[in-house]
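# Coordinate inspection notes
Take a look at the letters that make up each chain.
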Amino acid sequence: MTKQTTIISDSNNNTAPPPPPPPPHVVLVPLMAQGHIIPMLDMARLLAERGTRVTFITTPVNTSRIKPIIVRVHESNLPIDFIEAPFPLHRSWPTPRLSLQLLALPLEQRLKNLVPRPTCMINDMFNPWTANVARSLNIRRLVFHGPSCIHIYCSHVFHLHKIYETVTDEFEEIAVPGLTDYDDVVEETADGVVINTFDDVEPMFVEAYKKVVGKDVWTVGPLCLYDKDDDFSARIVRGNKAAVDQEKLLCWLDSMEENSVLYISFGSLIRMNVGQILEIGSGLEASEVPFIWVIKDAEKCPKVEEWLEGHCGWNSTLEAASNGVPMITWPQFGDQFLNERLVVEFLRIGIAIGVKKPVFNYGEDEIPVRRDDVERAVRSLMNDGEVAEERRIRAREIKEKAIKAMEGGGSSYENITKLVEYMKQEPRKVVQRTKA
């Protein structure tokens, strides 16, 4: 006789569905410099808006600098917490970057006590010391690259082929090895790479880098477009407070014709001498173009007290491109010379001022750009000729692509979705490695 099993269903017994999994919890560790902190703050807000809990590591000094942003985060009720880590300066450490390594142990202790437990870490490319912290917590670690992908790709390939060891002339033009030849190179100990760029602005280099690095790569920019605050005065308070009457400045801008004002910005690190500042000012005056120029406190003197900040850093480049603004490029150091090539030669939305030599700290008598160079570049950029108008059209087209990338269905929007899903996954067993 065959046994039968009868299943009795109790219609009154409503089994509750299992609770949803907790949201991912990501720790962001920026380099403690303004140009690195601001993009990661934008990314923090973007991730939090998409359902991720974020812990943002900062220092007391930088907390005071970004206080307006922190206030807005708290007002928005986004799930973002800020942890202050005192900057560990010590006589035995020659540079602030090396001093940062002293943050590893106290940061690890703070993160171990967090509830809910972190599931992922994203650190600035200049914070490799965080690898040991992520390893001890057994969580995934992604590297955030703030510079352009053209710079990241070229640096990676140059390192791979030891090109830096063979160069004898620092101003020599160097051919970058093939863009599709290398598929088996890895980004050291990181699980993946997050880049503040978008596919349409440098597609050749994004695809080439993905093939070279051999790991997950998410392009999530332009992050500067995340800030959708309708209050313009709130949007511009993103770093050190400017010593300028904002209402007066905006009224002056409103009185100008469209596309008639030049904005000059050299970033937060470069310090120019008085001679170079006067040359720039004389060239601007000779061009007869209205301008805004931000002068740092360290650069002020009676002769330049009224002048305002030129560009080629990736943050400034992305902001200009995302707003459809053509630019004059004046590279100073680091990635900026490759950014210039991208803007002038590939995108064709800029004019090079002619600088060939990197300069970080200007010597007393060092004046690499003369007033005639400034006047020539400004007049070429701002005139009404056919070439200038075509440049403005290309810039507006890139603006539309940047906006589309960040909107629903766009490449960066979808990459953020994929990144959040990735951070929900259980971490793989961490493999012990010797390199950080």
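Predicted model only: the values in this text are computed from it and were never measured. Residue positions are counted from 1 within each chain, in the order its sequence is given. pLDDT decides what is reported in this predicted model: residues at 70 or higher carry local features, side-chain atom pairs at 80 or more are listed and counted, and totals for whole chains, interfaces and linings draw on all residues regardless. Each side-chain value is derived from all of the structure's non-hydrogen atoms; neither hydrogens nor water enter the calculation.

### Digging into the pattern of salt bridges
Using the following cut-off: A pairing counts as a salt bridge when a side-chain nitrogen of Lys or Arg comes within 4 Å of a carboxyl oxygen of Asp or Glu. Each helix is a run of DSSP H or I of at least 4 residues and each strand a run of E of at least 2, with the numbering of both proceeding from the N terminus. When accessible area is computed with a 1.4 Å probe and restricted to protein chains, residues below 20% of their type maximum are described as buried, those above 50% as exposed, and intermediate ones as partly exposed.
Taken as a whole, this structure holds nine salt bridges when the rule is applied. Between Arg392 and Glu389 there is a salt bridge, with its nearest N and O atoms 3.3 Å apart. Residue Arg392 and its partner Glu389 are located together in helix H16 (residues 386-406), separated by three residues, close to a single helical turn. Residue class for Glu389 comes out partly exposed when judged on its relative accessible area of 32%. Via salt bridges that share partners, Glu389, Arg392 and Arg396 belong to a single interconnected network.

### Considerations on helix H6 (residues 130-137)
Spelled out, the test is: The contact definition used throughout considers only heavy atoms, calling two residues in contact when any of these lie within 4.5 Å.
With six of its eight residues buried, H6 lies for the most part within the structure. Those residues of H6 lying buried are Thr130, Ala131, Val133, Ala134, Arg135 and Leu137. Among the structural elements, strand E1 (25-29), helix H5 (104-112), strand E4 (120-124) and strand E5 (140-145) are those in contact with the buried residues of H6. Asn138, located one to two residues past H6, shows a positive phi value of around 55°.

### What about the pairing of E4?
The following threshold applies: Should DSSP find at least two bridges between two strands, the strands are taken to pair.
Most of E4 sits inside the fold, with five of its five residues counted as buried. Relative to E5, E4 runs parallel, the two being bridged by five bridges. Across the sheet, Ile122 pairs through a bridge with Leu142, a residue of E5.

### Quick look at the nonpolar core
Selection criterion: For our purposes a nonpolar core is just a set of buried Ala, Val, Leu, Ile, Met, Phe, Trp, Tyr and Cys residues, chained together by side-chain atoms within 4.5 Å.
One finds Leu28, Met43, Leu47 and Ile122 to be the most contacted residues of the largest nonpolar core, which totals 50 residues. Among the elements that make up this core, the one with the highest residue count is helix H1 (residues 34-49) (eight residues). When neighbours within four sequence positions are excluded, Ile122 is seen to be in contact with Val26, Val27, Leu28, Val29, Met40, Met43, Leu47, Leu142 and Phe144. Ranked by size, the runner-up nonpolar core spans 30 residues in total, among them Ile152, Tyr209, Val212 and Ala321.

### Thoughts on the packing of helix H7 (residues 149-160) against helix H9 (residues 203-213)
Here is the rule: Helix axes use the C-alpha atoms of the stretch in contact, all axes being lines fitted to C-alpha atoms, and the angles between their N-to-C directions lie in the range 0 to 180 degrees. Throughout, a crossing is termed right-handed when the near helix is turned clockwise from the far one, and left-handed when it is turned anticlockwise from it by less than a right angle. Side-chain classes are defined by residue name, with Ala, Val, Leu, Ile, Met, Phe, Trp, Tyr, Cys and Pro counting as nonpolar, Asp, Glu, Lys and Arg as charged, and the others, Gly among them, as polar.
Two elements in contact, H7 and H9, have axes whose closest approach is 9 Å; the angle formed by their N-to-C orientations is 35°. Between H7 and H9 lies a crossing of left-handed hand. Here H7 contributes Cys149, Ile150, Ile152, Tyr153, His156 and Val157 to the contact with H9, which in turn contributes Phe205, Val206, Ala208, Tyr209 and Val212. Taken together, the residues that form the contact of H7 with H9 break down as 10 nonpolar, one polar and no charged.

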